[in-house]
Amino acid sequence: MRFVIPSVSLCTSFLHLSRRRTATLRHELSAYSSSSSLSTAATNQTQVHNNDDEPCSFASTYHTPVMWKECIDALITSSSSKTEPRIFVDGTLGGGGHAEALLQQLKPGDLLIGCDVDSQALATASERLQKYMTTTDNDAADSSDLPTFQTIQSNFANLHQALPAEYMGRIDGLLLDLGVSSHQIDSADRGFSFQQDGPLDMRMNAKTPISSSIFAPSSSLTAAHICNEFDQVEIQRLLTRYADEPRAKAIAQAIVEHRPLVQTSDLVQAVSSVVPVFHAASRRKGRQATLARVFSALRISVNQELSMLEQAMLTMAPAILKPGSGVVAVLSYHSLEDRIVKRVMRDGCIGKVVHVPKDMYGNYNGPAKPFRPVGKKRKATKEEVEINSRARSATLRVAERLSDGE
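Residues numbered from 1 in each chain as written. Predicted model: local features only at pLDDT ≥ 70, side-chain atom pairs only at ≥ 80, totals over all residues. Heavy atoms only, no water.

Caption draft 1: Highlighting the pairing of strand E5 (residues 327-332). Counted residue by residue, E5 has six buried out of six residues, so it is predominantly covered. In E5, alternate side chains face the same way, and those of Val327, Ala329 and Leu331 on one face and Val328, Val330 and Ser332 on the other are all buried. Pairing geometry for E5 and strand E8 (residues 395-401), over six bridges, is antiparallel. Pairing of Leu331 across the sheet is with Leu396, part of E8. (Buried < 20%, exposed > 50% of the residue type's maximum accessible area, 1.4 Å probe, protein only. Helix = DSSP H or I, 4+ residues; strand = E, 2+ residues; numbered from the N terminus. Pairing = 2+ DSSP bridges.)

Printed below as a string of C-alpha cells:
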C-alpha cells in the first residue's frame, strides 16, 4: 500500500484558503449582526441589547459612533445606584450616536445635554432624538417615562461658560469624542478629505457666525490661509509638531512653490510632487499615508484642537463635573491628544512630571489633582474595527473627578 504525502506548498495553500474563508465568514456575520441591530434599534429604541455578546450599533448615514458600549458603560456604572435625577453631557454630539445609546440607558427624569459647535450636527442630532426633547409639539418628551435631551451650541472646551450656572459642579458624566465625524470627512465642502476635491477650509464651524467666546477662536483661520500666508519655516514646524512628518521640509517648500492653493486638490498636487505613490521601506512614507498626516495636521492647527483639549481637561471638565463622583470619558484618535488626556488624568497637568512629591510614608504630597484614572486605556475590538475601520486608532480613557482638596 502506498501513502501519498501532500506537498508543503499544497498544505500551505489549503491553510491560507481556510483562513481567508474564515475571515470572510466572520466579516459577513459581523455585517449581518450590525445590520440586524440597526433594524432593531430603529423599531424599538428603548432596548439597547439583549445579549452582551451580540453586536449592536447606533450608526447612521451621518456617523458611526466608536466604542459606544464601552463609553456608555463607563458613564453609567459610576452613577447607576443613584436615585436622584442625573445630568450627563455629550460634549461632542456629532450625529447623536453616542447620545442615543446613552439616552436608552438613562432613567426617567435624567437629563442629557448635547453640545457641538457645528450647527448642522446639532440639527441632525435633534431630529434623530426628537422624542427626548421638550417641545410644545412633543408631548412624549414631557412624559415621565423618558429622560430629557437638550442641545447647546458651543465648543466643548468652553462648556463651563455655555452651560447654565446651576449645572456647575453637578454633571455626573461627560463624554468627549475627539474624532471628526464621518459626515464631516465625507463632505467635500468642508475640505477635510484629500480624496475629494473641495475648498481648502477645514473649519469645524465654517458656517457658524461668531459673536461669542463659546465658539472656537480659530473661526477665521482656514487651511488655505495657512498654505498661502504662512512662511515655509512655520509650515514645516506645523507639520513636524502635529504630524511628526519626516518630509516636513520638502512638503513645506512644495506648498510654497505651488501657491496659490485654493482647493484640496491643489494641496494634494503640491504634496504629490515630493512624495512617491509607494515607498519600498515603509507604508508610512507612501503618498496616501503622508497626505492623511498633512491634512490632519492642518485641521488640528486650524481648529486649535490641542489647545482646546488642554482647556477642556484642565478647566472645563473639573468645573462642571460633580466632585467625588463625576466621570469623564475621552475618545482620542491622535497620539498628541492621548498624551494630553493621559497626563491630565494621571498628573493633573500637561507637562511631563519629573519628580512626584511624596511624604515620608510614600504618599502623594503635591498640589491637588482633579482626576483619578479609572482602569487602563481601552482600544476598539477587532470585530468593531472590521465593521468600522475608523475605530482602529481610537483610544478610550476614563477618569473620576476627585473631591476638592483630595
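Caption draft 2: Structural view of the packing of helix H10 (residues 264-272) against helix H11 (residues 287-302). Interhelical geometry of H10 versus H11 gives an angle of 125° and a closest axis separation of 10 Å. Relative to H11, H10 is oriented oblique. For the pair H10 and H11, the crossing hand works out as right-handed. Here Thr264, Leu267, Val268, Val271 and Ser272 of H10 come into contact with H11, specifically with Arg287, Thr290, Leu291, Val294, Phe295 and Leu298. Tallied by class, the residues present in the contact of H10 with H11 amount to seven nonpolar, three polar and one charged. (Axes fitted to C-alpha atoms, helices over the stretch in contact; angles between N-to-C directions. Parallel < 35°, antiparallel > 145°, perpendicular 65-115°, else oblique. Left-handed = near helix turned anticlockwise from the far one by under 90°. Contact = heavy atoms within 4.5 Å. Nonpolar A, V, L, I, M, F, W, Y, C, P; charged D, E, K, R; others polar.)

Caption draft 3: Structural view of the packing of helix H8 (residues 232-243) against helix H9 (residues 248-257). The N-to-C vectors of H8 and H9 enclose an angle of 135°; their axes lie 8 Å apart at closest approach. As far as their axial angle goes, H9 and H8 are oblique. At the point where H8 passes H9, the crossing takes the right-handed sense. Residue-level contacts link Gln232, Ile235, Gln236, Leu239 and Thr240 of H8 to Ala248, Lys249, Ile251, Ala252, Gln253, Ile255 and Val256 of H9. Split by residue class, the contact of H8 with H9 holds seven nonpolar, four polar and one charged.

Caption draft 4: View of the pairing of strand E2 (residues 111-116). Burial within E2 is extensive, with six of its six residues counted as buried. Residue alternation in E2 divides its side chains into two sets, Leu111, Ile113 and Cys115 and Leu112, Gly114 and Asp116, and both sets are buried. The sheet contact formed by strand E1 (residues 87-90) and E2 spans four bridges and is parallel. Directly across from Ile87, in E2, lies its bridge partner Leu111. Of the strand pairs in this sheet, E2 and strand E3 (residues 148-153) are connected by six bridges, and their pairing is parallel. Among the inter-strand pairings, Leu111 is bridged to a residue of E3, identified as Thr148.

Caption draft 5: How the structure looks around the confidence of the model for the protein chain. Looking at the protein chain, the pLDDT average stands at 82 and 77% of residues meet or exceed 70. Confidence over residues 208-213 falls short of pLDDT 50; this stretch has ten contacts with residues more than four positions distant or in other chains. (pLDDT = per-residue confidence, 0-100.)

Caption draft 6: A look at a positive patch on the surface. On the surface, a cluster of positive charge is made up of Arg339, Lys342, Lys377 and Lys379. Assignment of secondary structure puts Lys342 in helix H13 (residues 335-347). (Patch = residues over 30% accessible without salt bridge, like charges linked within 9 Å, V, L, I, M, F, W, Y side chains within 5 Å. Areas by Shrake-Rupley, 256 points an atom, 1.4 Å probe, with all protein chains shown as cover. Salt bridge = Lys/Arg side-chain N within 4 Å of Asp/Glu carboxyl O. Lys, Arg positive; Asp, Glu negative; His and termini not counted. Charge placed at Lys NZ, Arg CZ, Asp CG, Glu CD.)

Caption draft 7: Inspection of the side chain of Glu400 at higher detail. Looking at the element boundaries, Glu400 is found in strand E8. Relative accessible area serves as the criterion here: at 18%, Glu400 is assigned to the buried category. When sequence neighbours within four positions are dropped, the list of residues in contact with Glu400 reads Gly324, Ser325, Gly326, Val327, Pro370, Phe371, Arg372 and Val374.

Caption draft 8: Geometry of H10. Listed in full, the buried residues belonging to H10 are Thr264, Leu267, Val268, Ala270, Val271 and Ser272. Buried positions along H10 lie against helix H7 (223-229), H9 and H11.

Caption draft 9: Geometry of a nonpolar patch on the surface. A cluster of nonpolar residues, Val353, Val356 and Tyr364, forms a patch on the protein surface that exposes about 210 Å² of accessible area. If you trace the backbone, Val353 turns up in the loop between H13 and strand E6 (371-373). A relative accessible area of 30% means that Val353 is categorised as partly exposed.

Caption draft 10: Inspection of the nonpolar core at higher detail. The biggest cluster of nonpolar side chains holds 65 residues, and the ones touching the most others in it are Leu174, Leu267 and Leu298. Of the residues forming this core, the biggest block, eight residues, is contributed by helix H12 (residues 305-320). Beyond its immediate stretch of four places on either side in the chain, Leu267 contacts Leu200, Cys227, Ile255, Leu261, Val294, Phe295 and Leu298. Counting residues in each nonpolar core, the second largest holds 34 residues, with Val66, Trp68, Leu331 and Val385 among its members. (Core = buried A, V, L, I, M, F, W, Y, C linked by side-chain atoms within 4.5 Å.)

Caption draft 11: How the structure looks around the pattern of salt bridges. One pass over the structure, following the stated rule, counts twelve salt bridges. One salt bridge connects Lys69 with Asp73, and the closest N-O pair in it is separated by 3.0 Å. Of this pair, Lys69 and Asp73 are both found in helix H2 (residues 68-77), four residues apart, which corresponds to roughly one turn of the helix. Exposure remark for Asp73: the relative accessible area of 36% places this residue in the partly exposed category.

Caption draft 12: The arrangement of the environment of Arg259 in detail. Relative to the helices and strands, Arg259 resides in the loop between H9 and H10. As for Arg259 and Ala224, which are separated by 35 residues in sequence, their C-alpha atoms are 9.8 Å apart. Apart from the residues within four sequence positions on either side, Arg259 is in contact with Ile226, Cys227, Asn228, Glu229, Phe230, Asp231 and Ile235. For Arg259, the side chain forms a polar contact with the main-chain oxygen of Cys227, separated by 2.7 Å. (Polar contact = N/O pair within 3.5 Å; in protein donor to acceptor, adjacent residues only side chain to side chain.)

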